[in-house]
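# What the coordinates show
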Amino acid sequence: MSEHVEPSKGYKKQNLFLNTKMQKKLAVIIGIVVLALIALCIRILYIDISKGDEYSIKVLSQQGYTSRTIPYKRGDIQDRNGNVMATSVMVYNLILDSKVIMSDEKFLKPTINALDKYLNFDKDELRTEIKKRKDNSYWVVAKNLEYEEIEKFEKYIKGEYIKDDKDEEDVKNTKGIWFEKKYKRMYPDNTLACSTIGFANSNNVADIGMESSFSKYLQGVDGREYGYMDSDNNMEGVIRDPVDGNTVVSTIDSNIQRIVQKGVRKYMKKYHPKRIAVVIADPNNGDILAMSDDKVFDLNDPYNLEEYYSQAKIDSMSQKDQSEKMNEIWNNYCVSDSYEPGSTFKPFTIAAALEEGKVNKHSTFYCDGSQNVGGFNIKCHLVSGHGQLNLKNALAQSCNDSLMQIGFKLGAKKMAEYQARFGFGTKTGIELPNETRGLVYDKDMNMSTLATNSFGQNLTVNMIQMVQGFSSIINGGNYYEPHIAKSVINQDGDMVKSYSKTLVKQTCTRNTTTFLRQALREVVLTGTGTTAAIDGYTVAGKTGTAEKVDTSKNGKGRLAGQYILSFLGMVPCENPKVVCYTLMDSPRDNTQATAYNTELWTHIMKQVLPYMGIEKTEKMEEKAKKKSLTKEFYSNGIIQGDDGSLVVKDKTLNE
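This structure is a prediction, so every number in the text was calculated from the model and none was measured.

With respect to the element layout, Gly 569 can be found in strand 20 (residues 558-571). Judged by its relative accessible area of 0%, Gly 569 falls in the buried class. Distance in space between the C-alpha atoms of Gly 569 and Ile 280 is 9.8 Å, their sequence separation being 289 residues.

Look at helix 3 (residues 105-119) against helix 5 (residues 147-157): their axes get within 9 Å of each other, and the N-to-C directions meet at 135 degrees. What the angle tells us is that helix 3 and helix 5 run oblique. Crossing geometry of helix 3 relative to helix 5 is assigned as right-handed. Contacts between helix 3 and helix 5 involve Ala 114, Tyr 118 and Leu 119 from the first element and Glu 149, Ile 150, Lys 152, Phe 153 and Tyr 156 from the second. Residues belonging to the contact of helix 3 with helix 5 are distributed by class as follows: six nonpolar, no polar and two charged.

To continue, consider the confidence of the model for the protein. Mean pLDDT for the protein: 88, with 86% of residues reaching 70 or above. Low pLDDT, under 50, characterises residues 1-5; the predicted model gives this stretch zero contacts beyond four residues in sequence or across chains. Predicted confidence for residues 630-655 stays below pLDDT 50, and this span has 42 contacts to residues more than four positions away or in other chains.

In this structure, Pro 572 follows Val 571 across a cis peptide bond, with omega equal to -15 degrees. On the secondary structure map, Pro 572 appears in the loop between strand 20 and strand 21 (578-585). In this model, Asn 120 sits at a positive phi of 60 degrees, which is unusual for a non-glycine residue. With respect to the element layout, Asn 120 can be found in the loop between helix 3 and helix 4 (123-132). On the basis of relative accessibility, which here comes to 69%, the residue Asn 120 falls in the exposed class. Even without a glycine there, the phi angle at Ser 586 is positive, about 50 degrees. Residue placement: Ser 586 occurs in the loop between strand 21 and helix 21 (594-612). Note on Ser 586: relative accessible area 4%, which makes it buried.

This part covers helix 10 (residues 254-271). Over its 18 residues, helix 10 extends 26 Å from the first C-alpha to the last, a length consistent with the 26 Å expected when each residue adds 1.5 Å. Where helix 10 is concerned, the buried positions are Ser 254, Ile 256, Gln 257, Ile 259, Val 260, Gln 261, Gly 263, Val 264, Tyr 267 and Tyr 271. Looking at the buried residues of helix 10, the elements they touch are strand 3 (84-96), strand 9 (275-281), strand 10 (288-293), strand 21 and helix 21. If you check the start of helix 10, you find a side-chain oxygen 3.0 Å away from the backbone N of Asn 255, and it comes from Asp 253. Phi for His 272, located one or two positions after helix 10, is positive at around 50 degrees.

The next subject is the pattern of salt bridges. Summed over all chains, the structure comprises 20 salt bridges. A salt bridge links Asp 189 to Arg 258; its shortest N-O distance comes to 3.1 Å. Of this pair, Asp 189 sits in the loop between strand 5 (177-186) and helix 7 (194-197) while Arg 258 sits in helix 10; the two residues are 69 residues apart in sequence, bridging distant segments of the chain. Taking the relative accessible area as the measure of exposure, Asp 189 reaches 29% and is therefore partly exposed. Across the pair Asp 585 and Lys 548 runs a salt bridge whose closest N-O atoms are separated by 2.8 Å. A residue pair is termed long-range when its members are at least 10 positions apart, and Asp 585 in strand 21 and Lys 548 in strand 19 (residues 540-549) qualify at 37 residues. Across the pair, Lys 548 and Asp 585 agree in class, each one buried. Here the residues in one salt-bridge network are Glu 356, Lys 414, Glu 417 and Arg 421, joined through shared partners.

In terms of burial, strand 3 is largely enclosed, as ten of its 13 residues are buried. Bridge analysis of strand 2 (residues 77-78) against strand 3 gives two bridges, and the strand direction is antiparallel. Bridge assignment links Ile 77 to a residue of strand 3, and that residue is Ala 86. The hairpin turn running from strand 2 into strand 3, its antiparallel successor, is five residues long, and Gly 82 in that turn takes a positive phi close to 90 degrees. Across ten bridges, strand 3 lies against strand 5 in antiparallel orientation. Within strand 5, the position partnered with Asn 93 by the bridge is Glu 180. Bridge count between strand 3 and strand 4 (residues 139-145): four bridges; the pairing is antiparallel. Note on strand 4: the bridge partner recorded for Leu 94 is Ala 142.

Calculation notes
- Residues numbered from 1 in each chain as written.
- Predicted model: local features only at pLDDT ≥ 70, side-chain atom pairs only at ≥ 80, totals over all residues.
- Heavy atoms only, no water.
- Helix = DSSP H or I, 4+ residues; strand = E, 2+ residues; numbered from the N terminus.
- Buried < 20%, exposed > 50% of the residue type's maximum accessible area, 1.4 Å probe, protein only.
- Axes fitted to C-alpha atoms, helices over the stretch in contact; angles between N-to-C directions.
- Parallel < 35°, antiparallel > 145°, perpendicular 65-115°, else oblique.
- Left-handed = near helix turned anticlockwise from the far one by under 90°.
- Contact = heavy atoms within 4.5 Å.
- Nonpolar A, V, L, I, M, F, W, Y, C, P; charged D, E, K, R; others polar.
- pLDDT = per-residue confidence, 0-100.
- Expected span 1.5 Å × (residues − 1).
- Polar contact = N/O pair within 3.5 Å; in protein donor to acceptor, adjacent residues only side chain to side chain.
- Salt bridge = Lys/Arg side-chain N within 4 Å of Asp/Glu carboxyl O.
- Pairing = 2+ DSSP bridges.

Take a look at the structure:
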């Protein structure tokens, strides 16, 4: 008979103590495990969000997983009327998976036969190359094929040409062929607005034009297709659709742009200047309707230099030299180059003096042909002098002497202040890359600089600055931000961004604008711009002739005999609807023939004005006034030379 022994009280206490201690340890362990699990979950969630696709692809690829990128379509660039200027079209790269083709001997022959019959490949060469790449799963055989080139093969692989069991077996055993989709950038009009539109390469990277400055809107996001390949070589899995880029609507009018570029080509051939450039704009909202210079290139083949250099010359160039030449051709002169404006700057000096009350429309000036300033004798273009002139005629006759007197009244401080107010020395903000600021002086400019600045020399500008500043002094004093884009819209047609009319500042009062329009009209009626007249239209504007400065590294002052000729004009004078600025650098036969440049201006505007629906508003009395003045010119021995300039006693009146 066994004896039952009761545990002692001490043992019970000890056992209870051990149980409590173990429970605490267990609780701590469980807590640690829970925290570790939470941390692990957080880490897994982070990895899934940040690199989920990447790791999924790596893991699944080890299990026969296939992944392909679905490219996005870069957004279009349209002109203001909806005409496509840049777009992307689907093309295909032919890919062969030699590893699959060589995985079974029954695949090789039908695959090669199909490539030969429907895609025009040489069977013997294919067989050799496929065997050479037997372990290669991605071989790009052909690039940028259009759908028409692959259509027959697509129909074949879908079984549309099957006639009997043998055909069915051949289609079934045609393996390892697929087409990688991609987009190719296309420019339907080739050279139209080339330096303004710019171009994007095969990787959707752009460095010039709107393609560059609007890239963030034009770009999209690639999609992805991934999953397993079944026994019939079909993809089964998940598709993440691409997000296509937005469409950018430009302010450019393709028809006006064509008129401009044809005009530039014609007058480059006619007068052989070193350079021609043109900008046309709406003065009432800042829209640029057209811009071009003589350097054009094919946007579909932008790296081709054959238009400007012989093949022998190209072959002799280093890669660096070729790149420099390309950049010269791609450069947008209207935005990226600066120059001295000459007499087209005179309206700004007069506007500033009117605003400050230094002159009024009744002010008079005496021109004796020059001014002695700081020891320098600065001449008027008419060295014999214009005599007494009122303010309107000082502008109409483009009198440097009168303008210097106005500049002295205005003073250096106010001259610098108004140059800044009109937008010179700063970027305009136009949505294009590489805009130049130009060079202007501050309030400490000396007297000779003040004198030359007054008539547009010894400072530099770009064409957009001139157009926008000029627009403000003819439209009532409103300086609008220049735009090359009207809007950005998405694939559903919804507005993403609007580049609406933006008033930046007020440059002058309406009274100043009214006087300047009348004075600029006088330039065309009786002054230096008579050759810019267009019958029926109240053309107004200002001519300019600026002797060029040597801007080379070792430049030494002015380039004798080389001049930048320009005309900055508007129509109609009483209510300007369009501004056109033409510039011609040193025509070969007569480098100072301002009439060559105004001839270009009228050639372009005679086509643009009817296209824009701008009515003829010239009054009958103005026609009579022009006729009377013409008789007066001839009676005083003043005639128009062969180049269109005014001549007195065989001496050309250079502006």
